[in-house]
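Chain by chain, the residues run as shown.
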Amino acid sequence: MRVGFRKISMGWLALSVLAGPLSWQGVHARSAGAQESTEASFVDVRRTTDGIPHIRAENWRGLGLGLGHVQAQDALCTLAEAFVTYEGRRSFFFGAEAHPRHNSTFGRGRNLDLDTFFRGFVDARAVAAYRSQQSPEVLDALEGFAEGYNRSLSEQRQQFRTKRARPCLAEAWVRPITSDDLLRRLYAAGLAAGYAHFIPEMVNAQPPGAQATALTRPFPQTSTIGERPGIGSNVMAFGREASGEGGVLFGNPHWYWGGPDRLYQAHLTIPGKLNVAGAAFLGVPVIMIGFNADVAWSHTVSNAIRFSLHGLQLDPKDPLSYRVDGQWHRMEIQNIVIPARGEDGPPTIVERQVYRTRFGPVINLGGQSPALGWTQDTAVAIHDVNADNHRVFQNYLDWNKARSLDEFVALQKRALAMPWVNTVAIGRGDPRVWYGDIGAAPNVPDDLRQDCRTDLGDAFGQIDAKTPFLDGSRSACGWRVDPSTPQAGVMPAHHMPGLFRQDYVANMNNSHWLANPRQPLTGYATLLGGEGEALSLRARHGHVIVDHVLSRRFTSSEALVRSLKQDVLTERDFAADQFKGQLLAGACAQDHVKLAANPSDGPADAAPRDVNVRRACQVLARWGNTAGPDDRGALLWAAFWDRLEAIPTEEFYGQPFQASSPLSTPAGPRASDPRVAQALAAAVVQFSQQGRPLDEPLRHRLFVNAGGSKVALFGGCGAGYFTVACGEEAHMQGHLDGRSLANTYLQLVRFGAQGVEADTLLAHGLDEAAVEGGPGGQSIRRYARQQWLRMPFTESAIARHLVQRQRLKVLGTPAPVKHQRP
């Protein structure tokens, strides 16, 4: 048995073979699954204001070709690096110990760990299984996307010497792609709420006595996506009781500004078959958040758990054998070969192993507790529901074509495909609005959890009470199978939360419980989210906005939209509105505060310093609790609040959370607690050490370099800001760029007498370099001005706003075959 990993020198010749075109076998050969095409067709690519592409094709392949072509024009380097990642070749091109620069749903782990994960779990078997479940329309769109991407790559290489050439064009890792690359991309997106949380723990799991990497990082927040705090979204939908007419939808993902999962805005049309607009991840050939002539929808990240853990009883004589119902089963050992290179050394081969069970891969949680590691007697396996969910993007394609809200909801319930999101939707001529956290989730009701408890699982429950930890020694403790579902072991739709209302539904990444506080959703399985749990300040802020809208008693959806254009871009800090007065009363009771020395500032036994907070109190008292570019006090408040959040909630608030008053509790901060005044004093010291005035305007810190100039932004990170702007450093202490997390694609949609009307903003721009000084800053400046853009959706509107047109021929030549992995 081989465990751990070993390295083998490959020499200079291997470098040229692995990196260059010699690894390709005929770029014009046919790829698997391609549909035959005997006649050429054409694709119209029209760009309107801010460069938004409108792709009109005669068939699905042509539609994919147009989208692949424009995405490669706007984001070639991001896509090319993503395809390297999904294929598991980062260690070779970027170094085994390096990390991705940009955030994503799979985090920014060590390249060697990422390569092990993608080669082990997004491998040829996974791609073949995913391909086998896709419709001809999806497969044709993927083949076309690959063709369009490759054509744009070829065109850009021919223009390599121009001033606007992409900086990655000369890199060996930029290559033509096939539909297999795109299938890996689609499959990986679904794993964001399961496997992707635990990549280091999965790929470094080794049996006792083997070489293994010590993992001591905090347990991942399993109801979030990626590694960044604040990831999520705001969504609201108002029905006839609020608008006086039909539905109005507001959607705003707080998402990545760079990297493979950044959102790309587009309009896709096949006359008579499809007419849909919105946004999707790079490399995805359908719209994921958007609207057509009859429905509109958006998402937030769900609180539901999408995986389970299974405690394994091992054979003391063989840690690779586990017992189920008294029978021993051998783990599957998968050997993974990874080309790699160090900073200076020659290319090498790294061999690693991952271990699979009937439940799923073995995972090492020993960093949380030694008992949760791989011991001589026990191990833990993880089962991700989305590892077998191949329906996600077919569901999106069906939604793209939906003709009514009822059809939209029926598709959601039948497919059970949404991997880790809540969905809110409206329909043309329908007075109702819809909220549903209905999708792929393990069918593990609470009675099954109770019946399958173990001592090890109870210990794990002290770390994470939501995630199911089941007895792996009994087959009866597997997920329950309902014959009505499209995937064995997924929860049926009637056991998942959904709600129609005629006033409103909303979600700000809280659980399903209070989609509408007037009709709480209760009684669902624990793994589906936190019923009766405190809302985030941002969620409470969102419901305050809703109450403001409802109080105005609008008589038209058009008037409601006009109000929302301002309401949803609010610069107000909810924490300051609620608590600033009380906190300043305590923190400013004395002009001078004794602040214990910070070990990072000097000797641990240094005498406490005396800090004058009078000026800080004056700045915060004058501050209007808003985070606009010229507001003075927002930055000081952020530094103050950041330190207050370190105080445990039960110690900070005098009035604890009450489920009977979820929108107003917890409340009443204990302002006389000396830690409050010390938090303000520490913020004052920080500003002093950095040479910053206490009333520094927000624009000095919160800005983006767009098109060669600084563009000041608004909003904040944490503290109950509804408008989110999180830099690479926490709490908006630095400018925004491709590593940031903030508002992205915003849409306000209604259905009027003339059809669908959508006002949009794309805060981060279409071009991958737009937020880092490159081209395409128009939409960023528009967002900074809060100047909504009416999205051209009809042919006449597109013609009025046309700025560029390109006609592409669909050659019918299949995309290149998959190259041989090194």
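From a predicted model like this one, the values you see are computed outputs, not experimental measurements. Numbering of residues starts from 1 in every chain and runs along the sequence as written. pLDDT decides what is reported in this predicted model: residues at 70 or higher carry local features, side-chain atom pairs at 80 or more are listed and counted, and totals for whole chains, interfaces and linings draw on all residues regardless. Values reported for side chains reflect all heavy atoms of the structure, with hydrogen atoms and water molecules removed beforehand.

Remarks on the overall build of the chain
Turning to step 1, where the next piece is worked out: Strands are runs of DSSP state E lasting at least 2 residues, helices are runs of H or I lasting at least 4, and numbering of each runs from the N terminus. In terms of regular secondary structure, the chain is built from 22 helices and 33 strands.
Turning to step 2, where the next piece is worked out: Residues are treated as being in contact if the distance between any of their heavy atoms lies within 4.5 Å. Within the chain, contacts between residues separated by at least 24 positions form 71% of all contacts whose residues are at least 6 apart in sequence.
Turning to step 3, where the next piece is worked out: The Shrake-Rupley method, run with a 1.4 Å probe, gives the accessible areas here. Residue values count only the displayed protein chains as cover. Put simply, the chain shows about 30100 Å² of open surface, and 49% of that area lies on carbon and sulfur atoms.

Let's talk about the sheet that holds strand E20 (residues 498–501)
Hydrogen bonding along the main chain pairs the strands of a sheet, whether they run parallel or antiparallel.
Turning to step 1, where the next piece is worked out: Strand order in the open sheet formed by 10 strands is E20-E18-E17-E9-E8-E7-E6-E3-E2-E33, and the pairing between neighbours is mixed. Only two strands of the sheet have a single neighbouring strand rather than two, namely E20 and strand E33 (804–810). Direction aside, the axes of adjacent strands within the sheet are offset by 15° on average.
Turning to step 2, where the next piece is worked out: Each pair of strands is called paired provided DSSP finds at least two bridges between the two strands. Alignment of strand E9 (residues 295–301) against strand E17 (residues 421–427), held across 7 bridges, turns out to be antiparallel. Across the sheet, Ala296 pairs through a bridge with Ile426, a residue of E17.
Turning to step 3, where the next piece is worked out: To get an axis, a line is fitted to the C-alpha atoms, and for a helix only the part in contact is used. The angle between two axes follows their N-to-C directions and goes from 0 to 180 degrees. Packing of helix H10 (residues 392–400) onto the sheet brings it into contact with strand E7 (274–281), strand E8 (289–292), E9 and E17, and relative to E9 it is tilted by some 150°.

Here's the deal with the packing of helix H14 (residues 537–551) against helix H16 (residues 574–587)
Turning to step 1, where the next piece is worked out: Packing of H14 against H16 brings their axes to within 9 Å, and their N-to-C directions diverge by 100°. With respect to H16, the element H14 is oriented roughly perpendicular. Only Phe574, Ala575, Gln578 and Phe579 of H16 make contact with H14, whose side of the interface consists of Leu537, Arg540, His541 and Val544.
Turning to step 2, where the next piece is worked out: Any residue outside Ala, Val, Leu, Ile, Met, Phe, Trp, Tyr, Cys, Pro, Asp, Glu, Lys and Arg is labelled polar, Gly included; the first ten of those are nonpolar and the last four are charged. Its residues placed into classes, the contact of H14 with H16 shows 5 nonpolar, 2 polar and 1 charged. Orientation labels follow simple angle bins: below 35 degrees gives roughly parallel, above 145 gives roughly antiparallel, 65 to 115 gives roughly perpendicular, and whatever is left gives oblique.

Looking at the environment of Val561
Turning to step 1, where the next piece is worked out: Within the element layout of this structure, Val561 appears in helix H15 (residues 557–567).
Turning to step 2, where the next piece is worked out: With 198 residues separating them along the chain, Val561 and Asp759 place their C-alpha atoms 9.0 Å apart.
Turning to step 3, where the next piece is worked out: Sequence-distant contacts of Val561, defined by excluding residues within four places in its chain, comprise Val248, Leu748, Arg750 and Asp759.

What about the packing of aromatic side chains?
Turning to step 1, where the next piece is worked out: Pairing of aromatic rings covers Phe, Tyr and Trp, the last counted by its six-membered ring, and requires centre-to-centre distances within 6.5 Å; plane angles under 30 degrees mean stacked, over 60 mean edge-to-face, and any other angle means tilted. Following the criterion strictly, the structure yields 33 aromatic pairs and no others.
Turning to step 2, where the next piece is worked out: With a centroid separation of 6.1 Å and 55° between ring planes, the pair formed by Trp297 and Trp399 is classed as tilted. Placement of the pair is Trp297 in strand E9 and Trp399 in helix H10, with a sequence separation of 102 residues. Pair check on accessibility: Trp297 and Trp399 agree, each one buried.
Turning to step 3, where the next piece is worked out: Their ring planes at 25° and their centres at 5.0 Å tell us that Phe714 and Tyr783 sit as a pair that is stacked. Of this pair, Phe714 sits in the loop between strand E27 (709–712) and strand E28 (725–726) while Tyr783 sits in helix H21 (residues 778–785), placing them 69 residues apart in sequence. Exposed residues in this analysis have more than 50% of their type's maximum accessible area, buried residues have under 20%, and partly exposed residues fall in between, with area computed by a 1.4 Å probe over protein chains only.

Some remarks on the pairing of strand E14 (residues 348–356)
Turning to step 1, where the next piece is worked out: For E14, a buried count of 9 out of 9 residues is recorded, marking the element as mostly surrounded by other parts of the structure.
Turning to step 2, where the next piece is worked out: Residues Thr348, Val350, Arg352, Val354 and Arg356 point to one face of E14 and Ile349, Glu351, Gln353 and Tyr355 to the other, with burial holding for every one of them.
Turning to step 3, where the next piece is worked out: Alignment of strand E13 (residues 332–340) against E14, held across 9 bridges, turns out to be antiparallel. Paired with Glu332 across the bridge in E14 is Arg356.

Regarding the pattern of salt bridges
Turning to step 1, where the next piece is worked out: When a carboxyl oxygen of Asp or Glu is within 4 Å of a side-chain nitrogen of Lys or Arg, the pair counts as a salt bridge. Under the criterion given, the structure shown has 49 salt bridges.
Turning to step 2, where the next piece is worked out: Between Glu795 and Arg56 there is a salt bridge, with the nearest N and O atoms lying 3.2 Å from each other. Placement of the pair is Glu795 in helix H22 (residues 795–800) and Arg56 in strand E3 (residues 53–57), with a sequence separation of 739 residues.
Turning to step 3, where the next piece is worked out: Of the residues examined, Arg56 reaches a relative accessible area of 28% and is grouped as partly exposed.
Turning to step 4, where the next piece is worked out: Shared partners join several salt bridges into a network, and the residues in it are Glu87, Arg89, Arg175, Asp181 and Arg184.

Focus: the environment of Ala465
Turning to step 1, where the next piece is worked out: Examined against the element boundaries, Ala465 turns out to sit in the loop between helix H13 (455–461) and strand E19 (469–471).
Turning to step 2, where the next piece is worked out: Considered as a pair, Ala465 and Leu527 are 62 residues apart in the sequence and their alpha carbons are 8.9 Å apart.
Turning to step 3, where the next piece is worked out: Ignoring sequence-local partners within four residues, the contact set of Ala465 consists of Arg449 and Thr526.

Regarding the nonpolar core
Note that soluble globular proteins tend to have their nonpolar side chains buried in a common cluster.
Turning to step 1, where the next piece is worked out: Counting residues in each nonpolar core, the largest one holds 158 residues, and the members touching the most others are Phe117, Phe291 and Phe393.
Turning to step 2, where the next piece is worked out: Counting residues per element, this core draws most heavily on helix H2 (residues 60–87), which supplies 15 residues.
Turning to step 3, where the next piece is worked out: Residue contacts for Phe117: discarding those within four places in its chain leaves Val122, Leu191, Tyr195, Ile199, Met202 and Val203.
Turning to step 4, where the next piece is worked out: Leu584, Cys617, Leu620 and Leu761 belong to the second-largest nonpolar core, a separate cluster that totals 86 residues. Side-chain atoms within 4.5 Å link the members of a nonpolar core, which is a set of buried Ala, Val, Leu, Ile, Met, Phe, Trp, Tyr and Cys residues.

Points about the state of the cysteines
Turning to step 1, where the next piece is worked out: Count a disulfide wherever a pair of cysteine sulfur atoms falls within 2.5 Å. Enumeration over the complete set of coordinates arrives at 4 disulfides.
Turning to step 2, where the next piece is worked out: A sulfur-sulfur separation of 1.9 Å characterises the disulfide bridge that pairs Cys588 with Cys617. Because the torsion about its S-S bond is -100°, the bridge between Cys588 and Cys617 counts as left-handed. Of the two residues, Cys588 sits in the loop between H16 and strand E22 (592–595) while Cys617 sits in helix H17 (residues 614–622), which places them 29 residues apart along the sequence.
Turning to step 3, where the next piece is worked out: For Cys588, a relative accessible area of 21% puts it in the partly exposed group.
Turning to step 4, where the next piece is worked out: Since its relative accessible area comes to 11%, Cys617 is described here as buried.
Turning to step 5, where the next piece is worked out: Covalently, Cys717 is tied to Cys726 through a disulfide, its sulfur atoms 2.0 Å apart.

Examining the pairing of E20
Turning to step 1, where the next piece is worked out: Burial along E20 is one-sided: Leu499 and Arg501 are buried, and none of Gly498 and Phe500, which face the opposite way, are.
Turning to step 2, where the next piece is worked out: One ladder, built from 4 bridges, connects strand E18 (residues 433–436) with E20; its direction is antiparallel. Looking across to E20, one finds that Trp434 is bridged to Phe500.

Some words on unusual backbone geometry
Turning to step 1, where the next piece is worked out: The omega torsion of the bond from Thr665 to Pro666 falls at 0°, within 30 degrees of zero and hence cis.
Turning to step 2, where the next piece is worked out: Unlike most non-glycine residues, Asp50 shows phi in positive territory, near 70°.
Turning to step 3, where the next piece is worked out: Structurally, Asp50 is set in the loop between strand E2 (41–47) and E3.
Turning to step 4, where the next piece is worked out: The exposure class of Asp50 is buried, given its relative accessible area of 19%.

Description of the confidence of the model for the chain
Turning to step 1, where the next piece is worked out: The predictor attaches a confidence to each residue, and that confidence, scored 0 to 100, is pLDDT. For the chain, the average pLDDT comes to 91, and 89% of its residues sit at 70 or higher.
Turning to step 2, where the next piece is worked out: Counted against residues more than four places away or in other chains, residues 1–38, with its pLDDT under 50, gives 89 contacts.
Turning to step 3, where the next piece is worked out: Between residues 813–822, whose pLDDT stays under 50, and residues either more than four places distant or in other chains, the model counts 52 contacts.

Side note on the side chain of Asp294
Turning to step 1, where the next piece is worked out: Residue position: Asp294 is located in the loop between E8 and E9.
Turning to step 2, where the next piece is worked out: Here the side chain of Asp294 touches Arg428 through a polar contact of 2.5 Å, side chain to side chain.
Turning to step 3, where the next piece is worked out: Among residues more than four places away in sequence, those in contact with Asp294 are Ala402, Arg403, Ser404, Ile426, Gly427, Arg428 and Phe751. Pairs of N or O atoms are called polar contacts if they sit within 3.5 Å, as long as, within protein, a hydrogen donor faces a hydrogen acceptor (for residues adjacent in sequence, only side-chain-to-side-chain pairs).

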